[in-house]
Amino acid sequence: MENVVGDRVLIAVQAVNISRLSTHPVPTVPGTLIVVAGAGPKDSNGAGKSSFIASITALLGDEQWRFASGAKAVSELLFNAELASGAGARQWASADHGYIVGVFGPPGMDSFSPPPAPAPVEQVAGQDLTLTEEGEEGEEDSAEDSAELFEVPDTSGGAITVWLKVNQEAPHLEIRWREGVHLAASPSEAERVARADEIWASLPRSAGKRDVVARDLTKVLYGDRVRCVSFLSTSVRSKVATNLLSQPLNEISPERVFEAIAALTGLDAELEQEREARRDEHAKRVRAAQAADRLAEFEVESKALLGTFDRRDQARVRLAEALRCWRGRQARKLADAAAKDELLAADLGRHRAAGESAAEAIALVKAEITTLREDTLDRQVSQARKELAALQARTTKLDADRAVAENSADELRAAIPALEETRRFADGRDVPAAEGELREAGLRLNQALKALGVADQEVASARAALDDAEGGPAAAQLDALSAAGVGATGLLDALDVAEQARDAALPGGGLRGWPHEHAVIVDAARLGEAARALAGLPGSVLVSAAGVSVVGAFDGVATGREARIKAAGQRLNRAEDAQESAAAVVREAEEAVAEAQRRLEGARAGVRLAELEDRLAERRERLVGLNAAIEELAPKVAEAERQAGALDFRARTRDMEIERLDGRRQRHESERVQAREQEAKVTGEREALRLDALAADWGGTVETAREWIAALAEEERARAAEEWWRIAERHFDQALRDTFPEEDAEIPEELAFLLSERGGSTAREQATFAAVCGALASYLRGQEEYEKHQRRQIEAQVVSRQRDLAAAARGAEEAAQSTAVHRAALTAAIKARLTRVAEEFEKLDTSYGGYGATLEFPVPPAPADPEQRWQWRVTPKWRRGEGQGFVPYNRRANTALMDEKAVKLVCAAAIASSGGGHLCLVLDELGRNLGKEHRREAVALFRRIGETYGITVIGALQDDMEPYAIDACGQYVKLRRSSDAMPYNEPPVIVGHDQHAERVRSLAAYVDRGQPVEHAV
């Protein structure tokens, strides 16, 4: 199993028995800047910030932990009582194991289903108290629910929980996982620690019968994809890379800049592998040189003795070869004569058989020619051709008819899909029914439009009445008088009365109500004219110098202005409600008309579709008949073609056969004459051979001589007898010189006598050859055993030393080739990785206020010293203005610019190492070297880059950075420990800023069920 986590991102982390960290789950927001602050007994030191971010890097597979070597350094994160609580080590025990738990959720998981609320329980004395979100002191939830979070699988939302068990003894890391969210949830620290052991025991083993360990962590969890790069402090890591943010960038050498980028991008491990390869190559070359020296020294010592032995061995070989060649001479003479005799005998038999065979063949050829000329094949060929032509004409006509039918069927099928799509709107109605529904819908629409017009008129009338009622107590009277041209003023407008008198509520004792509010003052001379103008308003009161006059009468008491306004408002509300209902009816009627229109079109399409389907069925029946006729006719055509072709071929073959047979007859007659002439010649040649005498010289039969020759090598089989003799004599002379190389060498008496007797002629040499060879062979056999023993001793030593040299040389060559290949691949990888960093550096600089930046990295030669690290140099450069050239980073520049470029370079290296997936960049001592006036801008840049590129930047910071980072980050985590006597931290504070506030709350509720973690926003 590989890449278990896949594309999920870290959304929560829980540490159990890790340093002094609290066991409370800490939610994390992916793709933004998360700052980790601390509040120790005196300052931020001692709160466990470095341990917290280090545990995250171990969970995310940061290769700087050396997982391939077992990741022993991770065990140093376990709780140590002496370091955690000082004198309290006598009360607390160090942990022999602990857990780092991470919850991974799908990317973009912005909403979470809240967990079910715990059952209410009674207050227990002595419970821990923490601050709520409002900052008030509240009681910690003490629900006795210690089960895992989200027992229903569906609530996990695709999340997966990964558990890393950290052991003091090997294996130092064990990994298990399970789908869903499974964190240790209990009211107290001790219970959560115990609960963690229970959950670990319940998790399935990740590798069958065993657990996945450190060396397979990155491959199994993340598929060998880089998920984390970091700058960690010395307190949690033995090897510390150069931190580009720990000092001014221009004070860091190009070599250390490369080391920092290599640590971020994973190149430092590959460089270490290259140095190990050079060490191995050097050691193997030294071993090869030592083996060569030992072999050369021994070869010099044994060369003289072996030279003598080699010459005598060569003499034995040459003597044996001389005897073999002498034997070959005898065998060749006998075999050549026997072979020639056999050839002559074979020729004789062949000539006799050829004459007889020629006579028989002549008779047979004559009979075959007669039979072929009487055949009636021509008539059969003519008849077969006529039948084939008739069948082919019929097939052509059927093919044309089928093509016409297929074209017509294709046109009909092309029109069917559109009609079927339109027919679905009919909903099972036929054309008359659909037309009737359309008419009825049109009538309903006309009626609804009429009702809407009536409602609109009523609303307009009611609104006008309301406007009139709101004009004042005597507004109607004043309007009527004004229309009649009579000047008037309201009685209450003309009086200046105390407020308490106007508001009197006693009947007849105040000025409110009738008749005062409806009274108007007119000129006494125009009193009659005013009365006539107000005749339409019963109850109107006219006040003049002549007295008070009431116009008309009414059944009830005239209401005041408020009553009229209320009545007019009610009328307007009823009119508007009726208008809204009428409008809704109109909309429904319009939709009904549109729906009826679609149904009518669907019904008409159904009628057309039925017609097309009937026509298509007719075409298909026609095609079936034509295909059947063509299929029925095809075998007949094929058979007719076969018969006509076969008969035609037979006719041509017959004519050629007759011609060929006549030529054969003539050849047979010529062969019979020649065979009789050769038979007489061969008989005379066989008698001239003397096979019996040659067999006596060989000392065996012809078969044994042939077998001896057949066993020879191919180049020796063709040698003549004289050539065998010359070679034998030459081998004997050379063997004699090899045995006795010096002129004054002592030769045995028998051998010396035979050598003196064999001179004079070739015949004498051949007669004494066997004897002199035997004498020399006897002498060599006497020396052979001693030489063999000495040779075995020397050869054993030489073989052993040569074997050692070959193995050492082969190892050195393979190591050199491996080192060269590894260096070439590493060079390409480093250049590609640095090119990628330079590209991202350029993008970040131009995207965030710069004019462009790049990296310069020449390829350095490999060091000759195998212990020396292959040192690369990286020189950051950037433009200081639009259109200007690149300036090296170590040129004089302001502090803000250096801080900005350092942040961008770190982020560029992180982006380049991500491989397109989600990446976590972990930084210790965030902004330690940044100037005070630029800290907030630099930290904000981390956040913007992280959110733009989907990088989660987690940075631990000191007290002096906290005021600048807390407002510029996306999430704020503060670890707290108020006293040195406390072995564990207090619950952490988590703050989400801006758009992350709700996400932090949701994440906290998602991963934590009633735990006392402070989630302040």
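Every value quoted in this text rests on a predicted model; they were computed, and no experiment measured them. (Residues numbered from 1 in each chain as written. Predicted model: local features only at pLDDT ≥ 70, side-chain atom pairs only at ≥ 80, totals over all residues. Heavy atoms only, no water.)

**Comments concerning the overall build of the protein chain**
So the rule is basically this: Strands are runs of DSSP state E lasting at least two residues, helices are runs of H or I lasting at least four, and both sets are numbered from the N terminus onward. Only protein chains enter the accessibility calculation, which uses a 1.4 Å probe. A residue is then buried if its area is under 20% of the maximum for its type, exposed if over 50%, and partly exposed in between. Only heavy atoms matter for contacts: two residues are in contact if any of them lie within 4.5 Å across the pair. In this description, accessible areas are obtained by the Shrake-Rupley approach with a 1.4 Å probe, and a residue is regarded as covered only by the protein chains that are shown.
Looking only at helices and strands, the protein chain has 23 helices and 22 strands in total. Residues classed as buried in the protein chain amount to 43% of the 1017 residues present. Pairs at least 24 apart in sequence give 77% of the contacts found in the protein chain among residues at least 6 apart. If you sum the accessible surface of the protein chain, you get close to 53,000 Å²; carbon and sulfur atoms cover 51% of it.

**Observations regarding the pairing of strand β21 (residues 986-992)**
The following threshold applies: Two strands pair under a simple rule: DSSP has to find at least two bridges between them.
With six of its seven residues buried, β21 lies for the most part within the structure. Across five bridges, strand β20 (residues 971-976) lies against β21 in antiparallel orientation. Across the sheet, the residue bridging to Y972 is V991, located in β21.

**Describing helix α5 (residues 254-265)**
The line we're drawing: Here the expected length of a helix is defined as 1.5 Å per residue gap, with one fewer gap than residues.
The end-to-end C-alpha separation of α5 is 16 Å, in line with the 16 Å expected for 12 residues at 1.5 Å each. Burial within α5 is extensive, with nine of its 12 residues counted as buried. Three or more residues of α5 are buried, namely P254, V257, F258, A260, I261, A262, A263, L264 and T265.

**A closer look at the packing of aromatic side chains**
Put simply, the test is: Each Phe, Tyr or Trp ring (for Trp, its six-membered ring) is paired with any other whose centre lies within 6.5 Å, and the angle between the two planes then decides the class: stacked below 30 degrees, edge-to-face above 60, tilted in between. Two conditions define a charge located above a ring, namely a distance within 6 Å from the ring centre to NZ of Lys or CZ of Arg, and an angle within 35 degrees of the ring normal.
All chains considered together, the criterion is met by 10 aromatic pairs. Counting every residue linked through ring pairs, the aromatic cluster contains W326, W725, F732 and F769. Over the ring of W698 we find R327; its NZ or CZ atom is 3.7 Å from the centre of that ring. One residue, R879, lies across the ring of F886, its end atom 4.0 Å from the ring centre.

**Notes on unusual backbone geometry**
The step from A170 to P171 runs through a cis peptide bond, and the omega angle for that step is -5°. Tracing the chain through its elements places P171 in the loop between β7 (160-167) and β8 (173-179). Positive phi, normally seen in glycine, also occurs at S19, with a value near 50°. A relative accessible area of 14% means that S19 is categorised as buried.

**Concerning the sheet that holds strand β15 (residues 853-856)**
Where strands meet in a sheet, backbone hydrogen bonds hold them as pairs that are either parallel or antiparallel. Defined as follows: Helix axes are fitted only over the stretch in contact, all axes being lines through C-alpha atoms; the angle between N-to-C directions runs from 0 to 180 degrees.
Strand order in the open sheet formed by three strands is β15-β16-β17, with antiparallel pairing between adjacent strands. Both outer strands of the open sheet, β15 and β17 (886-888), are each paired with one neighbouring strand and no more. With direction set aside, neighbouring strand axes in the sheet form an average angle of 35°. Judged from the four bridges that link them, β15 and strand β16 (residues 875-879) form a sheet pairing that is antiparallel.

**Section: the sheet that holds β7**
The sheet built from six strands is open, its strands ordered β2-β1-β4-β7-β8-β9 with antiparallel pairing. Looking at strand neighbours, the two that pair on one side only are β2 (26-27) and β9 (212-213), the edges of this open sheet. As defined by bridge partners, strand β4 (residues 97-105) adjoins β7 across eight bridges and the pair is classed as antiparallel. The residue bridging G102 from the neighbouring strand is V162, located in β7. Helix α1 (residues 49-59) rests against β1 (9-16), β2, β4 and β7 of the sheet, and its axis sits at about 70° to β4. Across the sheet, helix α3 (residues 189-202) lies against β1, β4, β7 and β8, angled at about 80° from β8, the strand it touches most.

**Quick look at the pairing of strand β14 (residues 547-551)**
Bridge count for strand β13 (residues 540-544) against β14 is five bridges, and the pairing is antiparallel. Bridging from a neighbouring strand, S544 pairs with G547 of β14. With antiparallel pairing between neighbouring strands as the criterion, β13 and β14 make up a hairpin whose turn holds two residues.

**Some words on the confidence of the model for the protein chain**
Note that predicted coordinates carrying low pLDDT should not be read in detail. Short version of the rule: pLDDT measures how confident the predictor is about each residue, on a scale from 0 to 100.
The predicted model of the protein chain has a mean per-residue pLDDT of 76, with 82% of residues at 70 or higher. When mean pLDDT is compared element by element in the protein chain, β7 scores highest at 94, while strand β5 (residues 129-131) scores lowest at 27. Across residues 112-156, where pLDDT falls below 50, the model places 80 contacts with residues more than four positions away in sequence or in other chains. Within the model, pLDDT remains below 50 along residues 1009-1017, and this stretch shows 40 contacts once partners closer than five positions in the same chain are excluded.

**Some thoughts on the environment of R294**
Checked against the element boundaries, R294 lands in helix α6 (residues 267-373). Here R294 falls in the partly exposed class, since its relative accessible area comes to 41%. In this structure the C-alpha to C-alpha distance between R294 and V798, which are 504 residues apart in sequence, comes to 9.9 Å.

**So, the nonpolar core**
The nonpolar side chains of soluble globular proteins are, as a tendency, buried together. To keep it simple, the criterion reads: Think of a nonpolar core as a cluster: buried Ala, Val, Leu, Ile, Met, Phe, Trp, Tyr and Cys residues, connected wherever their side-chain atoms sit within 4.5 Å.
Within the largest apolar cluster, 62 residues are counted, with the highest numbers of intra-cluster contacts made by I261, L855, L921 and F942. No other element matches the 12 residues that helix α20 (residues 895-914) contributes to this core. Filtering out sequence-adjacent residues up to four positions away, L921 remains in contact with V229, L264, V906, A910, F942, I951, T952, V953 and I954. I18, A54, L221 and V973 belong to the second-largest nonpolar core, a separate cluster that totals 48 residues.

**Describing the pattern of salt bridges**
If charged atoms from side chains of opposite charge come close, those side chains can pair. Spelled out, the test is: In the sections that follow, a salt bridge refers to a side-chain nitrogen of Lys or Arg positioned within 4 Å of a carboxyl oxygen of Asp or Glu.
A full pass over the atoms with the stated rule returns 29 salt bridges. A salt bridge links R195 to E198, with the shortest nitrogen-to-oxygen separation between them at 2.9 Å. Of this pair, R195 and E198 both sit in helix α3, three residues apart, roughly one helical turn. Close ionic contact of E529 with R526 constitutes a salt bridge, the shortest N to O distance being 3.1 Å. By relative accessible area, which is 29% here, E529 ends up partly exposed. One salt-bridge network, held together by shared partners, links E321, R324, E716 and R719.

**Let's talk about helix α7 (residues 377-423)**
To keep things clear, this is the line we draw: Here the bend at a residue means the angle between the axes of two seven-residue stretches, the one that ends at it and the one that starts at it.
In this model, α7 (47 residues) spans 69 Å end to end at C-alpha, consistent with the 69 Å of a helix rising 1.5 Å per residue. At I416, α7 shows its maximal kink, close to 25°; a proline, P417, follows between one and four residues later. Among all positions of α7, only L377, V381, A384, L388, L391, L398, A405, S408, A409, L412, I416 and L419 are buried.

**Re the environment of G490**
Among the structural elements, G490 can be located in strand β11 (residues 489-490). Sequence-wise, G490 and H518 are 28 residues apart; in three dimensions their C-alpha atoms are separated by 7.6 Å. If sequence neighbours within four positions are ignored, G490 has contacts with L478, A519 and V520.

**Some details on the environment of F309**
Structurally, F309 can be placed in helix α6. Remark: the alpha-carbon pair of F309 and K788, spanning 479 residues in sequence, is separated by 8.5 Å. Once residues within four sequence positions are removed from consideration, F309 is found in contact with Y786, E787, Q790 and R791.

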